[in-house]
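Analysis of the macromolecular model
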Amino acid sequence: MNTTMLRSILKRSSSTSSTVSYLTSRGFSSAPAPERKVTVLGAAGGIGQPLSLLMKLNPLVSSLSLYDIAGTPGVAADVSHINTRSEVKGYAGEDQLGQALEGSDIVIIPAGVPRKPGMTRDDLFKINAGIVKSLSEAIAKYCPNALVNMISNPVNSTVPIAAEVFKSKGVYDERRLFGVTTLDVVRAKTFYAGKAKVNVADVNVPVVGGHAGITILPLFSQASPKANLSDEEIIALTKRTQDGGTEVVEAKAGKGSATLSMAYAGAIFADACLKGLNGVPDVIECSFVQSSVTELPFFASKVRLGKNGVEEVFGLGPLTDFEQQGLEALKAELKSSIEKGVAFVHGN
């Protein structure tokens, strides 16, 4: 399959607001895009490899830096043969982490271990928290002004971990730290389109709250285009969106988690960040950020992205009784997860 065909296929399958239209060269011929370095931390992993591929296809990226504890030179060599704009370099081991990060505009972090059957998010936390803490310390040292896209789970805790590390190093800017919740939006759009029998490319569904279980709150009452779905259908769609990760883990029968769809979602959000940095107006995505939308210090809602990262955090808008109940129900769990991340940093 040649590049033109791949781009054509991906363009046809893209949606309107969250789109892979970056895979087409249209619109970039008249003026060269600014130089942008994107670094993927955990590039040799299950999410990292397809994510690296997708970022290589993005013409807004001029330099693609791939880092992992091992295996990265092979991934970098493989991806580097793709005939797109960015130059690719692979780095392996802690001694090369600084070199990988220096000069980065965006750092995407899918590093860590995936959730396996029977593994609780608490088990996951114990392993991934230490990884995120050490990577955040390196970001604070080598590229403190980069936009940080946190994919490593549990995002409800890893984003506060990164924030506390950046605060301790005197480099915290709440506008530049994002929890990537785009996969929840991608799932909500897909499931809604299937049930409403509308073109998924035209669908938009805001998803707020957090990025685990009941903290994921899709606002189907605000979905477009409007569909006349029953209360039972909305409840079922909400539950499926919340359990999407478990659905994939179980379907893979212990051999993996949501890696491909997460890589796609990560690429969509990174592209939005790049567009914001480059001055494209009205770039709006949902993300888990420092927020005053609720009484919680971090919360996912729609944000406007710009040259400094978060330019505006939007409120929740009108909620149905079901959504309001969901909002109240998620707060205690989300609060606990945030506090757990903060306590990890101060307890270590």
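Rules of the game
Residues numbered from 1 in each chain as written. Predicted model: local features only at pLDDT ≥ 70, side-chain atom pairs only at ≥ 80, totals over all residues. Heavy atoms only, no water. Helix = DSSP H or I, 4+ residues; strand = E, 2+ residues; numbered from the N terminus. Areas by Shrake-Rupley, 256 points an atom, 1.4 Å probe, with all protein chains shown as cover. Buried < 20%, exposed > 50% of the residue type's maximum accessible area, 1.4 Å probe, protein only. Contact = heavy atoms within 4.5 Å. UniProt positions renumbered as here; feature names shortened; annotations may be inferred. Core = buried A, V, L, I, M, F, W, Y, C linked by side-chain atoms within 4.5 Å. pLDDT = per-residue confidence, 0-100. Axes fitted to C-alpha atoms, helices over the stretch in contact; angles between N-to-C directions. Left-handed = near helix turned anticlockwise from the far one by under 90°. Nonpolar A, V, L, I, M, F, W, Y, C, P; charged D, E, K, R; others polar. Salt bridge = Lys/Arg side-chain N within 4 Å of Asp/Glu carboxyl O.

Within the chain, the regular secondary structure consists of 11 helices and 11 strands. Summing over all exposed atoms, the chain offers an accessible surface of approximately 15,000 Å²; the carbon and sulfur share of this is 53%.

With 7 of its 9 residues buried, helix α2 (residues 48–56) lies for the most part within the structure. Listed in full, the buried residues belonging to α2 are Gly48, Pro50, Leu51, Ser52, Leu54, Met55 and Lys56. Where α2 is buried, its residues touch β1 (37–41), β2 (63–68), α3 (72–80), β3 (87–92), β4 (106–109) and α10 (260–277).

Taken from the UniProt record, the annotation "binding site: substrate" (unreviewed entry) applies to Arg115, Arg121, Asn153 and Arg187. As for its placement among the helices and strands, Asn153 is situated in the loop between β5 (147–150) and α6 (155–168).

Our next topic: the nonpolar core. By size, the foremost hydrophobic cluster in this structure holds 44 residues, and its most contacted members are Leu41, Ile109 and Ile139. Where this core is concerned, the elements lending two or more residues are α4 (97–101), β4, α5 (121–142), β5, α6, β10 (298–306) and α11 (321–347). With residues near it in sequence (within four places) discarded, Ile109 still touches Leu41, Leu135, Ile139, Val148, Asn149, Met150, Ile151 and Ser152. With 42 residues, the next largest nonpolar core counts Leu51, Val75, Ile108 and Val303 among its residues.

What follows covers unusual backbone geometry. Look at the link from Asn153 to Pro154: it is a cis peptide, with omega at -5°. The omega torsion of the bond from Ser224 to Pro225 falls at -5°, within 30 degrees of zero and hence cis. Topologically, Pro225 is positioned in the loop between β8 (216–218) and α8 (231–242). If you check the backbone angles, Lys197 has positive phi at about 55° while not being a glycine. Relative to the helices and strands, Lys197 is located in the loop between α7 (182–196) and β7 (207–209). A positive phi angle, close to 55°, is found at Asp282, a residue other than glycine. As for its placement among the helices and strands, Asp282 is situated in the loop between α10 and β9 (283–290). With relative accessibility at 59%, the residue Asp282 sits in the exposed group.

This next bit is on the confidence of the model for the chain. Overall, the prediction assigns the chain a mean pLDDT of 91, with 90% of residues at 70 or greater. Under a pLDDT of 50 for its full length, residues 12–30 has, in the predicted model, 38 contacts with residues more than four places off or in other chains.

Below, the discussion takes up the packing of α2 against α3. Remark: α2 packs on α3, axes separated minimally by 10 Å, with the N-to-C direction vectors making an angle of 30°. The hand of the α2/α3 crossing is right-handed. Between α2, through Gln49, Ser52, Leu53 and Lys56, and α3, the contact on the second element is made entirely by Val75, Val79 and Ser80. Each residue belonging to the contact of α2 with α3 can be placed in one class, and the counts come to 3 nonpolar, 3 polar and 1 charged.

Right, let's talk about the pattern of salt bridges for a bit. Counting across every chain of the model gives 14 salt bridges. Here Glu35 ties to Arg85 by a salt bridge, and the two come within 3.3 Å at their closest N and O atoms. Placement of the pair is Glu35 in the loop between α1 (3–12) and β1 and Arg85 in the loop between α3 and β3, with a sequence separation of 50 residues. On the basis of relative accessible area, Glu35 is assigned to the exposed category, the value being 62%. Classification of Arg85 as partly exposed rests on a relative accessible area of 34%. Glu164 is paired through a salt bridge with Lys167; the nearest N and O atoms lie 3.1 Å apart. Highlighted residues: Glu164 and Lys167, both in helix α6, separated by 3 residues, approximately one helical turn. When salt bridges with common partners are traced through the structure, they connect Asp173, Arg175 and Arg176 into a single cluster.

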